[in-house]
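# Descriptive analysis of the structure
Single-letter residue listing:
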Amino acid sequence: MVNHLYKNFLSNSQEYKASENFWRDLCDKILVKHQGEKHGWKVWLNVIFLDGSPIYSLISPDSRKGIAINQDEPTEDKIIFAAWMDKFGPIDATKDFVEEIVISCELSQESAKLAEELIQIWVEGNTLYENMEQLIQEKLI
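All figures in this text were calculated on a predicted structure; none of them were measured in a lab. (Residues numbered from 1 in each chain as written. Predicted model: local features only at pLDDT ≥ 70, side-chain atom pairs only at ≥ 80, totals over all residues. Heavy atoms only, no water.)

Across its full length, the chain carries three helices and five strands. For the chain, the succession of helices and strands along the chain, N to C, is α-β-β-β-β-β-α-α. Computed over the C-alpha atoms, the radius of gyration of the chain is 15 Å, within 12% of the 14 Å expected from 2.2 N^0.38 for a compact globule of 141 residues. Projected onto the principal axes, the alpha-carbon positions of the chain cover approximately 45 × 35 × 25 Å. (Helix = DSSP H or I, 4+ residues; strand = E, 2+ residues; numbered from the N terminus. Rg over C-alpha atoms; globule rule 2.2 N^0.38 Å.)

This is the structure in C-alpha cells:
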C-alpha cells in the first residue's frame, strides 16, 4: 500500500499550499545538509496555473543547475514516479542553458524518498548530466 500525501491538492487550495511547502521543506533540508546554506539556489519557475506542473522548482544560476518537481493527483495505489534530465534555456545573455533534473510523481512517502535521493545527488554537484541520466535509469528499474 502506498501512503499518498495531499491527495486532493488540485481541488483544495490548502492541500496545494501544503504540497508546495512539503517540496520546499524537502529541498531546503537537502540544500542545508549538503552546502551549509542555500548556496545560490533560489525559487525558479513561477507557478501560474496551480496544476502541479511544476509545483516547486529551484535554480542555481552559479552552477547552471535546476530542479523541477511536477506533482500529479493520485490515481493508483502504487508508486507513480518518473525522473529525467533536461536542458532549459537560455537563462541570460551569458549562460546558454540550465541542466535540470525533472521529477514527476504522485506524492507519497515512498515517492518522496526517491525524489530526495535523486535531488541530493544532483545538488552535491559532482555528478554530471550524463551520469545523472544513467543513475536515474538504474534507480527506476
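Okay, unusual backbone geometry next. Between Ser-53 and the following residue, Pro-54, the backbone shows a cis peptide bond with an omega angle of -5°. Tracing the sequence through the fold places Pro-54 in the loop between β1 (42–43) and β2 (56–60).

Quick look at the nonpolar core now. A general trend in soluble globular proteins is that nonpolar side chains are found buried together. If you look at the biggest cluster of nonpolar residues, it comprises 32 residues, and the most contacted ones within it are Trp-23, Ile-67, Ile-101, Ile-103 and Ile-119. Of all the elements in the fold, those that place two or more residues in this core are α1 (13–35), β2, β3 (65–72), β4 (81–88), β5 (98–106), α2 (109–124) and α3 (129–140). The contact partners of Ile-67, leaving out residues within four places of it in the chain, are Trp-41, Trp-44, Tyr-56, Ser-57, Leu-58, Glu-100, Ile-101, Ile-119, Trp-122 and Val-123. (Core = buried A, V, L, I, M, F, W, Y, C linked by side-chain atoms within 4.5 Å. Buried < 20%, exposed > 50% of the residue type's maximum accessible area, 1.4 Å probe, protein only. Contact = heavy atoms within 4.5 Å.)

With that settled, consider the sheet that holds β3. The five strands are arranged β1-β2-β3-β5-β4 in an open sheet whose pairing can be described as mixed. Two strands bound the open sheet, and with one partner strand each, they are β1 and β4. Across the sheet, α2 touches β3, β4 and β5, and the angle it forms with β5 is around 170°. Docked against the sheet, α3 engages β4 and β5, running at close to 170° with respect to β4. (Pairing = 2+ DSSP bridges. Axes fitted to C-alpha atoms, helices over the stretch in contact; angles between N-to-C directions.)

What follows is about the packing of α2 against α3. It is the contact of α2 with α3, at a shortest axis distance of 11 Å, that shows an interaxial angle of 165°. Between α2 and α3, the crossing angle belongs to the class labelled roughly antiparallel. Classified by chirality, the crossing of α3 by α2 is right-handed. Together, Glu-117, Leu-118, Ile-121 and Trp-122 of α2 and Tyr-129, Met-132, Leu-135, Ile-136 and Lys-139 of α3 make up the contact between the two elements. The residue inventory of the contact of α2 with α3, partitioned by class, reads seven nonpolar, no polar and two charged. (Parallel < 35°, antiparallel > 145°, perpendicular 65-115°, else oblique. Left-handed = near helix turned anticlockwise from the far one by under 90°. Nonpolar A, V, L, I, M, F, W, Y, C, P; charged D, E, K, R; others polar.)

Read these as spatial facts, not as claims about activity.
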